[in-house]
Amino acid sequence: SGPATFISLGYDDIGAHGSAGTQRISETGQAAEGARELAMRPSAGFVSVDASEVTRYLAGRFTLPKHAMLISFDGARERDWTEADRILRKYHDTAVVFVDPAVITGTKTPYLSWTQLRTMVGSKRWSLGLDISDASRQVAIDAQGAVGPAVVEHEWLPARNRAETTAEYQARIKTTLQKELAIL
């Protein structure tokens, strides 16, 4: 039977000029560490799995292979496609790219375009995850002005002199997800 857990290998900005705290993928120069990680994966017995397999596993409807690894890229940067995909293809891996629909446009930006996203998903190497825009937004969580991430905290409602109820919090998160999923 499959593992009790799986490994998630997450990459943030994979650009050619990474900064401290980011993983970068390239096959040349200083950025080679990420490529080496992916190249070592098969010899260490790790098998990449895609988002649908993990979802089915978590629902009890799928058995993951031993040493399962979910590879993900956060931020939906164009480099995820132009640099990471080449390496995924080379090692027959799959990955999830987490997309904030608010940053995706049809114009030249550091982020993926809708056309690139469709091509990525069509390659069968990529699946999409939702990186909601509220994830980095800070909200007041009490009358004293303490703040926390909007996606995990009950927001303080000054007009009502109280924090959101659990039902209000769930409705806010559900509305945000529905709006962003409709865009995606």
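Located above this text is the structure these notes cover.
Attention in this report is confined to the structure presented alongside it. (Residues numbered from 1 in each chain as written. Predicted model: local features only at pLDDT ≥ 70, side-chain atom pairs only at ≥ 80, totals over all residues. Heavy atoms only, no water.)

Of all hydrophobic cores here, the largest spans 18 residues; its most connected members are Ile71, Phe73, Val97, Leu112, Leu117 and Trp126. Going through the elements one at a time, β1 (7-11), β3 (68-74), α3 (78-90), β4 (95-99) and α4 (114-122) are the ones with two or more residues in this core. (Core = buried A, V, L, I, M, F, W, Y, C linked by side-chain atoms within 4.5 Å. Buried < 20%, exposed > 50% of the residue type's maximum accessible area, 1.4 Å probe, protein only. Helix = DSSP H or I, 4+ residues; strand = E, 2+ residues; numbered from the N terminus.)

Moving on: the packing of aromatic side chains. Under the definition given, this model contains three aromatic pairs. A centroid spacing of 6.3 Å and a plane angle of 85° characterise the contact between Phe6 and Tyr57, whose relative ring orientation is edge-to-face. With Phe6 in the segment before β1 and Tyr57 in helix α2 (residues 51-58), this pair connects stretches of sequence that are 51 residues apart. Classification of Phe6 by relative accessible area gives partly exposed; the value is 26%. Given the relative accessible area of 18%, Tyr57 is considered buried. On the basis of an interplanar angle of 50° and a centroid distance of 5.3 Å, the ring pair of Phe73 and Trp126 is categorised as tilted. With Phe73 in strand β3 and Trp126 in strand β5 (residues 126-130), this pair connects stretches of sequence that are 53 residues apart. Trp126 shares its class with Phe73; the two are buried. Among the aromatic side chains, those forming a connected cluster through ring pairs are Tyr11, Phe73 and Trp126. One Lys or Arg, Arg56, reaches over the ring of Phe62 and ends 4.5 Å from the middle of that ring. (Phe/Tyr/Trp six-rings, centres within 6.5 Å; stacked < 30°, edge-to-face > 60°. Lys NZ or Arg CZ within 6 Å of the ring centre and 35° of its normal.)

Take the side chain of Ser127 next. Here Ser127 lies in strand β5. For Ser127, a relative accessible area of 17% puts it in the buried group. Apart from the residues lying within four places of it in its own chain, the contact partners of Ser127 are Ala51, Ala95, Val96 and Val97. (Contact = heavy atoms within 4.5 Å.)

A few words now on α3. Note: α-helices contain 3.6 residues per turn, so residues at a spacing of three or four share the same orientation. Relative to the 18 Å expected for 13 residues at 1.5 Å per residue, α3 spans 19 Å between its end C-alpha atoms, a close match to the ideal helical length. Along α3, the sharpest kink reaches roughly 45°, centred on Ala84. (Expected span 1.5 Å × (residues − 1). Bend = angle between axes of the 7 residues up to and from the residue.)

With respect to burial, β3 is a largely interior element, six of its seven residues being buried. Bridge count between β1 and β3: five bridges; the pairing is parallel. Following the sheet pairing, Gly10 is matched in β3 by Ser72. Both strand β2 (residues 47-49) and β3 contribute to a ladder of three bridges, which runs parallel. Across the sheet, the residue bridging to Val49 is Leu70, located in β3. (Pairing = 2+ DSSP bridges.)

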